[in-house]
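# Structural overview
Here are the chains, one letter per residue:
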Amino acid sequence: MTMYNLPVDRMTVSRPPRLRGAVQVPGDKSITHRALLFNAIAAGDATVTGFLDAADTRDTLEAVRALGVKVDEVGDGRLVVHGRGRAGVTEAADVLDCGNSGTTMRLLSGLLAGFPFMSVLSGDASLRRRPMGRIVQPLRTLGARVTARAEGTLPPIVVEGGPLAGGQHIETPVASAQVKSAILLAGLAADGSTQVTEPAHSRDHTERMLGAMGADVVIEGTSVTLTPPEGDLHAIDVHVPGDISTAAAWIVAATLHPDADLVLARVGVSRSRAGIIDVLSAMGADIEMENPAVVGGEPVADLHVRSAGLRGVRIDGVVVPRAIDELPLLALAGALAEGDTVIADAAELRVKESDRVATTAATLRALGAEVEEHDDGLAVAGGAQLRGAPVEAAGDHRLAMLGAVAGLLAEGETTVSGAGAVAVSYPDFWADLARVGASPAAARA
Ligand code: S3P
């Protein structure tokens, strides 16, 4: 299997006769970032089990270490974070490199706004194009001294931290867990409560985890009010469930492949993340949630997915933030469904690791689907006969996986350029593809 761990750039995929087996998808990316960041400022040792070991979460891990917090990798997918409370966090000697990770940059900026030293955060070319005014503005409202390139809108970000004013209520125009979390993390250093209201529910891992660590977190509708604890947060052990956003590749592949039966073990199915299951079920998918359990405050289940015929749907409104990272795969599902699929209210797709409206449309069109691009989404004609073709990951891990899944379903060969982008969230993706019955191959030059 070692070839799949090489930094492959072009991989060729074709439709296998069947997809069978069980996949343990890697740990949830959002929860891994939070387990590292929150335990880093808490008092006590915390063991994080099943953490995602991928480029994005490594960036958070290295940032935490650069801020003076000791983290040991103890094997078996376990990390121990040795938090010494807020007093154990010290100024980094260099720029904090957030790589490709918006979550690292936005959550860290909010967290560091409350520490009495200077931090500079930057990242790769994709991250340096992503909008940061959405955190810079609210952090300034909380009294933080935060600046950024292009009049406070683009990385690098400079945070000159210090104590913050409490009693603020911030309404954010976007339903974004990264923005909400940045505000709540700054609120940990505020004198009193901080409230944030978003237009729709985004993922709630921050609220759950900070609440479990001793912050007072009150949720009313789409508002969250945080009151910091008297002293430090207390460290908590975290069992990270499998990431539904990576499971999504297998869910869509198994649903649309004519002879598939896959089990995805121990996937996190929190309501704020499970929009893909709701949408695909409404389209006619056969997804059974087996062995439901609650692990570390997060609901998990084994997802048993079998082939099914789908009908097109309209995806808009409150389900969009609950399925935001899965929308490219849902667009692919739409192309193979009966009838048309429309994705709306999803302008956020344009400011992800790539412009995912444009890159998803380009991938699906390359394979022969009919796709219209809209400002806030896509319209996809159903009933496409997909034919293998060269597709581009555009430096975006989710697009690399979209290309591969499309390749599992199309006639002929699909070659994904920039296939190594999967390292951001799912380094073993190509190996797992082989495990379920496909035989991806490094493309010949
Ligand atoms: C994330 C939130 C989402 C998501 C990203 C991870 C998080 O971004 O797209 O992959 O961990 O908070 P937004 O909150 O900006 O929509």
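Our subject in this report is the structure included herewith.

Cut-offs and rules
- Residues numbered from 1 in each chain as written.
- Predicted model: local features only at pLDDT ≥ 70, side-chain atom pairs only at ≥ 80, totals over all residues.
- Heavy atoms only, no water.
- Phe/Tyr/Trp six-rings, centres within 6.5 Å; stacked < 30°, edge-to-face > 60°.
- Helix = DSSP H or I, 4+ residues; strand = E, 2+ residues; numbered from the N terminus.
- Buried < 20%, exposed > 50% of the residue type's maximum accessible area, 1.4 Å probe, protein only.
- Lys NZ or Arg CZ within 6 Å of the ring centre and 35° of its normal.
- Near = heavy atom within 4 Å.
- Polar contact = N/O pair within 3.5 Å; in protein donor to acceptor, adjacent residues only side chain to side chain.
- Areas by Shrake-Rupley, 256 points an atom, 1.4 Å probe, with all protein chains shown as cover.
- 1 Å grid on protein atoms, 1.4 Å probe; cavity = no way out; pocket = protein on both sides within 12 Å on 5 of 7 lines; lining within 4 Å.
- Sits in = over half its atoms within 2 Å of the grid points.
- Points joined across faces, edges and corners; volume = space filled by probe spheres on them.
- Nonpolar A, V, L, I, M, F, W, Y, C, P; charged D, E, K, R; others polar.
- Salt bridge = Lys/Arg side-chain N within 4 Å of Asp/Glu carboxyl O.
- Pairing = 2+ DSSP bridges.
- Contact = heavy atoms within 4.5 Å.
- Axes fitted to C-alpha atoms, helices over the stretch in contact; angles between N-to-C directions.

### Quick notes on the packing of aromatic side chains
- A full pass over the atoms with the stated rule returns five aromatic pairs.
- Plain terms: the ring middles of W250 and F429 are 5.3 Å apart, the flat faces sit at 25° to each other, and that makes the pair stacked. Placement of W250 in helix 8 (residues 244-256) and of F429 in helix 13 (residues 429-435) is noted, with a sequence separation of 179 residues between them. Accessibility classification places W250 together with F429 in one group, the buried group.
- Grouping aromatic residues by their ring pairs yields a cluster made of W250, Y426, F429 and W430.
- Between the NZ or CZ atom of R86 and the centre of the ring of F115, over which it lies, the distance is 4.3 Å.

### So, the site of the ligand
- Around the ligand sit K29, S30, R34, T103, S176, A177, Q178, R203, I324, D325 and K352, and those are all the residues in its vicinity.
- Within the side chain of S30, an N or O atom sits 2.7 Å from an oxygen atom of the ligand.
- Its free accessible area being 380 Å², the ligand has 95% of it covered by the protein chains.
- Taken atom by atom, the bulk of the ligand overlaps the largest pocket.
- Put simply, the parts of the chain that give the shell around the ligand at least two residues each are helix 1 (29-40) and helix 6 (177-187).
- Among the elements that make up the shell around the ligand, the one with the highest residue count is helix 1 (three residues).

### A word on the layout of surface pockets
- The space that makes up the largest pocket amounts to roughly 510 Å³.
- Along the walls of the largest pocket sit 36 residues, with A175, S176, I324, E348 and K352 positioned nearest its centre.
- Elements with a minimum of two residues in the lining of the largest pocket: helix 1, helix 3 (102-112), helix 6 and helix 12 (397-409).
- A class-by-class count of the residues in the lining of the largest pocket yields 13 nonpolar, nine polar and 14 charged.

### Examining the pattern of salt bridges
- Per the stated rule, a full pass over the model turns up 30 salt bridges.
- For E73, the salt bridge identified is with R65, shortest N-O distance 3.5 Å.
- The class for R65 is partly exposed, based on a relative accessible area of 28%.
- Residue E353 pairs with R356 through a salt bridge whose shortest N-O separation is 2.8 Å.
- Salt bridges here are not isolated pairs; linked through shared partners, they connect R130, R203, D325, E353, R356, D396 and R398.

### Considering the pairing of strand 4 (residues 70-75)
- Alignment of strand 4 against strand 5 (residues 78-84), held across five bridges, turns out to be antiparallel. Bridging across to strand 5, D72 finds its partner in V80.

### Focus: the sheet that holds strand 26 (residues 441-442)
- Spatially, 24-25-1-26 is the arrangement adopted by the four strands of the open sheet, whose pairing is mixed. Among the strands making up the open sheet, the edge pair consists of strand 24 (390-392) and strand 26.
- Sheet topology note: the strand 1 (residues 10-13)/strand 25 (residues 414-417) ladder contains four bridges and is antiparallel. Across the sheet, M11 pairs through a bridge with V416, a residue of strand 25.
- Sheet contacts for helix 12: strand 1, strand 24 and strand 25; angle to strand 25, the most-contacted strand, approximately 175°.

Don't take any of this as a statement about function, it's just geometry.
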